[in-house]
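An overview of the molecular structure
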Amino acid sequence: MSALAQLGSALVSVCQPGSLLLMIAGVAIGIIFGSIPGLSASMAVALMLPLTFSMSSSLGMNVLVAVYIGGISGGLISAILLNMPGTASSIATTFDGYPMAQNGEAMRALGIGIVFSFLGSLFSFFILSFFAPFLADVALQFTPAENFGICFFALTMVAVLSSGNMVKGLLAGMLGLVFAMVGMAPIDGIARFTFNNNNMMAGFSTLTTLIGIFAVADILISAEQMNAKGVQTIPINKVKGFGFSMQEFVSWLPGALRSAIIGTGIGILPGIGGSTSGMLSYVTAKNMSKHPETFGKGEPEGIVATEAANNATIGGAMIPLLVLGIPGDGVTAMMLGGFLIHGLSAGPLLFVKNADVVYGIFAACMVCDLIMLVVEWTCIKGFVQVLKVPKHILLPLILVLCAVGAYATNNRIFDVQSIVVFGVVGYLYHKFKLPTTPFVLCFLVGNMTETYLRRGLMSYKTFGAFFTRPIFDVFWFAACGVLVWSIVKAVLAARKEA
């Protein structure tokens, strides 16, 4: 039977009423977990694992896929409405989604995010269904040297994000690197910047840092700006359809395709994740835009780029899991446990021994993606009602939610204390007009960059040996090109002002 015929047969099986109801429930649970900071998609899949034990292997894996898709997409809700990335993948969505919400365009921002989450996922699932084995072979060519090249390229994007004030941007990025280095050093495990505090040995949690730098900082800023009565509410402009015209949709498609390719490619590489793909796609979109100055102020193209990329990471991360038995991120690591629970062995033999399960997963991905679109669009009017709550009531509730989410991440009071620290850091960034985007990018990528560099040096002995790897060369020289272009652009801009 051909691959297309097997996929068609799997679609018929997946669309049975009982299976559909369970997948709808899985998507809804995933959206809830994804929209609450601290309750990540990984946690949702982990909690659902025991519930799938009594199901058939195909149905159990389909439910886990549903939770995964709902969890990643759900992060855009709190990112846009509350400036709180529900998942690490939704960090860059806050940059333009939240300003749009503050300007009364919350429904439009959510509509854009939902549609391009759907399209980004659909693209990656198409690639997953028809090109998984080939792309898995490509992923095997990536060594720590190539991964270091990608991370180094991502770090150089700080120069792009710093356009307008290179000094402030680089300072913000350097502080992000400093915080990323706190804790045990990769490879040799030497404690750094811990000040003999055992709680700091593991470093700062990513979600804790994001909650503090975005949500808590915004609470402090909003509380300072609040009028004496404290009864401000945010307007909600009504929209038709998803909030954008067909002309706008067509103009955004090339950027969405580029971001989906980036997201799928990053997803295939184990350990890098959706947060990096979202940030890289956002920076690329800003870099290639004819009006980069609008990014960060409510630019729809920013939401298009990040949501297409971080959702495309789902299909990308599934490729090494299914073909090689290697989880691409934290959620697929949990799903690997699902395979073990159901007596399945992820890897090449899975396509031979359990082809029905594999194609069932392919079909479930596509169906759950459509379910996600319908569920989120149906509830969009309910989501935006949170903006009608007066700020003097909403802000304390958000602060409590931040604390609960931070504690739930690792069950540590230290993480609750950390959100206060990073909240103050974010507040000071606002006061001194330092951009938070370089800080976040460097914090996310800094530790991975060091890890892959040290692993590469252990493998190749000298840094010069990295240049014998063609893929590394491409990323290295692309990064150097970005740096030179950014410096020249800054110099030309300074001369014009002079």
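For the structure, see preceding data.
All of the points below concern the structure found in this document. What you are looking at is a predicted structure, and each value in this text was computed from that prediction instead of being measured. (Residues numbered from 1 in each chain as written. Predicted model: local features only at pLDDT ≥ 70, side-chain atom pairs only at ≥ 80, totals over all residues. Heavy atoms only, no water.)

Observations regarding the overall build of the chain
If you tally the helices and strands in the chain, you get 20 helices and two strands. The globule rule puts the C-alpha radius of gyration for 498 residues at 23 Å, and the 22 Å found for the chain is close to it. Dimensions of the chain, computed from the C-alpha atoms along their principal axes, are close to 70 × 60 × 50 Å. Each of the 498 residues in the chain was classed as buried or not, and the buried ones make up 55%. Put simply, 78% of the contacts in the chain that link residues at least 6 apart link residues at least 24 apart. (Helix = DSSP H or I, 4+ residues; strand = E, 2+ residues; numbered from the N terminus. Rg over C-alpha atoms; globule rule 2.2 N^0.38 Å. Buried < 20%, exposed > 50% of the residue type's maximum accessible area, 1.4 Å probe, protein only. Contact = heavy atoms within 4.5 Å.)

Here we look at the side chain of Thr264
On the secondary structure map, Thr264 appears in helix H10 (residues 246-268). The residues touching Thr264, leaving out its near neighbours within four places in the chain, are Phe123, Ser124, Ile127, Ala312, Thr313 and Gly316.

Details of the environment of Thr437
Relative to the helices and strands, Thr437 resides in helix H19 (residues 436-460). Each C-alpha atom of the pair Thr437 and Gly70 lies 26 Å from the other, and the pair is 367 residues apart in sequence.

Details of helix H2 (residues 17-35)
Its 19 residues place the ends of H2 27 Å apart at the C-alpha level, agreeing with the 27 Å of an ideal helix rising 1.5 Å per residue. Ser19, Met23, Gly26, Val27, Gly30, Ile31, Phe33, Gly34 and Ser35 are the residues of H2 that are buried. (Expected span 1.5 Å × (residues − 1).)

A few points about unusual backbone geometry
Residue Phe193 is not a glycine yet carries a positive backbone phi of 55 degrees. Its location among the elements puts Phe193 in the loop between strand S2 (191-192) and helix H9 (206-225). Judged by its relative accessible area of 46%, Phe193 falls in the partly exposed class.

Re the state of the cysteines
In this structure the tally under the stated criterion is zero disulfides. There is no disulfide at Cys442, and the cysteine sulfur nearest it, in Cys151, is 12 Å away. Take Cys442: its relative accessible area is 4%, and that puts it in the buried class. (Disulfide = S-S within 2.5 Å.)

Brief notes about the nonpolar core
Among the nonpolar cores identified, the biggest contains 93 residues, and Tyr68, Leu81, Leu128, Met318, Met335, Phe339 and Ile361 are the most heavily contacted of them. The dominant element in this core, judged by the number of residues it contributes, is helix H6 (residues 106-139), at 15 residues. (Core = buried A, V, L, I, M, F, W, Y, C linked by side-chain atoms within 4.5 Å.)

Comments concerning helix H8 (residues 166-180)
Relative to the 21 Å expected for 15 residues at 1.5 Å per residue, H8 spans 21 Å between its end C-alpha atoms, a close match to the ideal helical length. Every buried residue belonging to H8 is among Gly169, Ala172, Gly173, Gly176, Phe179 and Ala180, and all of these are buried. Along the axis of H8, the buried positions cluster into a sector of 115 degrees, meaning they face one direction only. For H8, the exposed residues set more than 90 degrees away from the buried face come down to Val167 and Met174. (Arc of directions from axis to C-beta.)

Description of the packing of aromatic side chains
Summed over all chains, the structure comprises 34 aromatic pairs. With a centroid separation of 5.2 Å and 70 degrees between ring planes, the pair formed by Phe95 and Tyr282 is classed as edge-to-face. With a gap of 187 residues between them, Phe95 in helix H5 (residues 93-102) and Tyr282 in helix H11 (residues 274-288) connect regions that are remote in the sequence. Residue class for Tyr282 comes out buried when judged on its relative accessible area of 3%. On the numbers, 6.1 Å between centres and 85 degrees between planes, the contact of Phe148 with Phe463 is edge-to-face. In this pair, Phe148 sits in helix H7 (residues 144-161) while Phe463 sits in the loop between H19 and helix H20 (470-497), placing the two residues 315 residues apart along the sequence. Since its relative accessible area comes to 5%, Phe148 is described here as buried. (Phe/Tyr/Trp six-rings, centres within 6.5 Å; stacked < 30°, edge-to-face > 60°.)

A look at the packing of H9 against H19
Packing of H9 against H19 leaves a shortest axis separation of 11 Å and a crossing angle of 175 degrees. With respect to H19, the axis of H9 lies roughly antiparallel. Each of Thr206, Thr209, Leu210, Ile213 and Phe214 in H9 lies in contact with H19, whose residues at this interface are Thr436, Phe439, Val440, Phe443 and Leu444. Looking at the contact of H9 with H19 residue by residue, the classes come out as seven nonpolar, three polar and no charged. (Axes fitted to C-alpha atoms, helices over the stretch in contact; angles between N-to-C directions. Parallel < 35°, antiparallel > 145°, perpendicular 65-115°, else oblique. Nonpolar A, V, L, I, M, F, W, Y, C, P; charged D, E, K, R; others polar.)

Remarks on the pattern of salt bridges
Taken as a whole and assessed by the stated rule, the structure comprises six salt bridges. In this structure, the salt-bridge partner of Arg469 is Glu146, at a minimum N-O distance of 2.8 Å. Here Arg469, found in the loop between H19 and H20, pairs with Glu146, found in helix H7; they are 323 residues apart in sequence, far enough to count as distant. Taking the shortest distance from any N to any O, the salt bridge between Arg412 and Asp415 comes out at 2.9 Å. (Salt bridge = Lys/Arg side-chain N within 4 Å of Asp/Glu carboxyl O.)

Re the environment of Ser275
Relative to the elements of secondary structure, Ser275 occurs in helix H11. Taking the relative accessible area as the measure of exposure, Ser275 reaches 13% and is therefore buried. When the C-alpha positions of Ser275 and Met157 are compared, they lie 14 Å apart, and in sequence the two are 118 residues distant. Apart from the residues lying within four places of it in its own chain, the contact partners of Ser275 are Ala88, Ser89, Ile91 and Leu444.

Focus: the side chain of Asn83
With respect to the helices, strands and loops of the structure, Asn83 is situated in the loop between helix H4 (57-82) and H5. Assessed through its relative accessible area of 10%, Asn83 is described here as buried. In this structure the side chain of Asn83 is engaged in a polar contact, spanning 3.4 Å, whose partner is the backbone oxygen of Phe214. The contact partners of Asn83, leaving out residues within four places of it in the chain, are Ser78, Thr94, Tyr98, Phe214, Ala215 and Asp218. (Polar contact = N/O pair within 3.5 Å; in protein donor to acceptor, adjacent residues only side chain to side chain.)

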